[in-house]
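Notes for the structure review
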Amino acid sequence: MALIDYPTWVLKFKEHNKEIRCLQGKYYLYQVHTSRIDGKVKKVTDKYLGRITEEGLIPPARKQITYTIKEYHTTIFAFSICSSIITGIIKKYPHKYLDYLPLCFYDVFFNHRIDQWNRSYLSVLFPNLKLIPRSMAVQNEINRLSTMFKHPITKFLSGSSLDAFFQSINDLYMVGIGDSWTLAKVSEETIQILNKHHISLEFTYGESK
């Protein structure tokens with residue numbers, strides 16, 4: 001639905017540095033700002049302000065978090081650019097990939113930063129990140145697999161930085177409502193970048209049969 005088609009009681013909340021998003025037929029208000037990155041102006045989401053109703057704005061609950069926002073660009077990048085590596089790990093370790101994959105992601109994409117991991121949708125897909133002491137053999141295998149991830153990433157970047165590419169698609173978010181997750185509205189510019197690099201917004205993975 002285009003913004004112009006939103007009800008008038010929704011549009012009255014459209015202000016500078018505020019954005020209205022429609023998710024599953026309901027309307028939500030976010031605080032946003034723009035930032036110039038690599039010569040391009042990108043929109044960045046700051047925080048969720050509440051749900052818009054005909055009676056007014058319902059602010060987020062203070063005691064219980066109902067809506068959760070997770071960055072999504074790392075997830076679709078990993079499952080598009082490193083899809084063959086992920087498939088190979090799942091096939092080789094059908095009973096261990098749920099342990100090995102998040103450790104590889106944690107190393108390769110987040111440089112062992114737990115705060116960044118927790119902000120990513122990968123933390124929802126892999127909720128049991130095991131940051132515990134492990135045997136030398138297991139650690140060596142995790143290091144080997146992490147190195148395998150870096151080959152297609154380096155080839156894709158062609159000398160540019162991963163952070164710079166992620167900044168170019170940083171308006172990708174998943175919104176959690178209870179146990180349900182929905183992709184927030186994606187800008188046309190980001191869609192063009194994803195299409196150019198053949199990165200899909202959707203993916204599947206699981207145990208190999």
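Residues numbered from 1 in each chain as written. Predicted model: local features only at pLDDT ≥ 70, side-chain atom pairs only at ≥ 80, totals over all residues. Heavy atoms only, no water.

**Topic: the overall build of the protein chain**
Within the protein chain, the secondary structure is distributed over 9 helices and 7 strands. The dimensions of the protein chain, computed from C-alpha atoms along their principal axes, are 60 × 40 × 30 Å. Going through the 209 residues of the protein chain one by one, you find that 41% of them count as buried. For the protein chain, the exposed area adds up to about 12300 Å²; of that, 52% sits on carbon and sulfur atoms. (Helix = DSSP H or I, 4+ residues; strand = E, 2+ residues; numbered from the N terminus. Buried < 20%, exposed > 50% of the residue type's maximum accessible area, 1.4 Å probe, protein only. Areas by Shrake-Rupley, 256 points an atom, 1.4 Å probe, with all protein chains shown as cover.)

**Section: the pairing of strand S6 (residues 173-177)**
Judged by how many residues are buried, S6 sits mostly within the fold: 4 of 5 residues are covered. Where strand S5 (residues 67-71) and S6 come together, 5 bridges link them in antiparallel fashion. Looking at S6, one finds that Tyr67 is bridged to Ile177. Remark: 2 residues form the turn of the hairpin made by S6 and strand S7 (residues 180-183), two consecutive strands paired antiparallel; Gly178 in that turn has positive phi of roughly 65 degrees. (Pairing = 2+ DSSP bridges.)

**Looking at the packing of aromatic side chains**
Using the criterion set out here, one finds 21 aromatic pairs in the structure. Seen from their ring centres, Tyr30 and Tyr48 are 5.4 Å apart, and the 55 degrees between their planes marks the pair as tilted. Taken together, the positions of Tyr30 in strand S2 (residues 26-37) and Tyr48 in strand S3 (residues 40-53) put the pair 18 residues apart, joining distant regions of the chain. In this structure Tyr48 comes out as buried when scored by relative accessible area, which is 14%. (Phe/Tyr/Trp six-rings, centres within 6.5 Å; stacked < 30°, edge-to-face > 60°.)

**Details of the environment of Ile69**
When you line up the elements, Ile69 lands in strand S5. Judged by its relative accessible area of 28%, Ile69 is partly exposed. Separated by 17 residues in the primary sequence, Ile69 and Ile52 have C-alpha atoms spaced 17 Å apart. Each residue touching Ile69, except ones within four places of it in the same chain, is listed here: Tyr30, Tyr48, Tyr173, Met174 and Val175. (Contact = heavy atoms within 4.5 Å.)

**Observations concerning helix H4 (residues 97-108)**
Helix length check: H4, at 12 residues, gives a terminal C-alpha distance of 16 Å against a target of 16 Å (1.5 Å per residue), a fit within 8%. Among all positions in H4, only Tyr97, Asp99, Tyr100, Leu101, Pro102, Leu103, Cys104, Phe105, Tyr106 and Val108 are buried. Where H4 is buried, its residues touch helix H2 (73-81), helix H3 (83-92), helix H5 (114-119), helix H6 (122-125) and helix H7 (136-157). (Expected span 1.5 Å × (residues − 1).)

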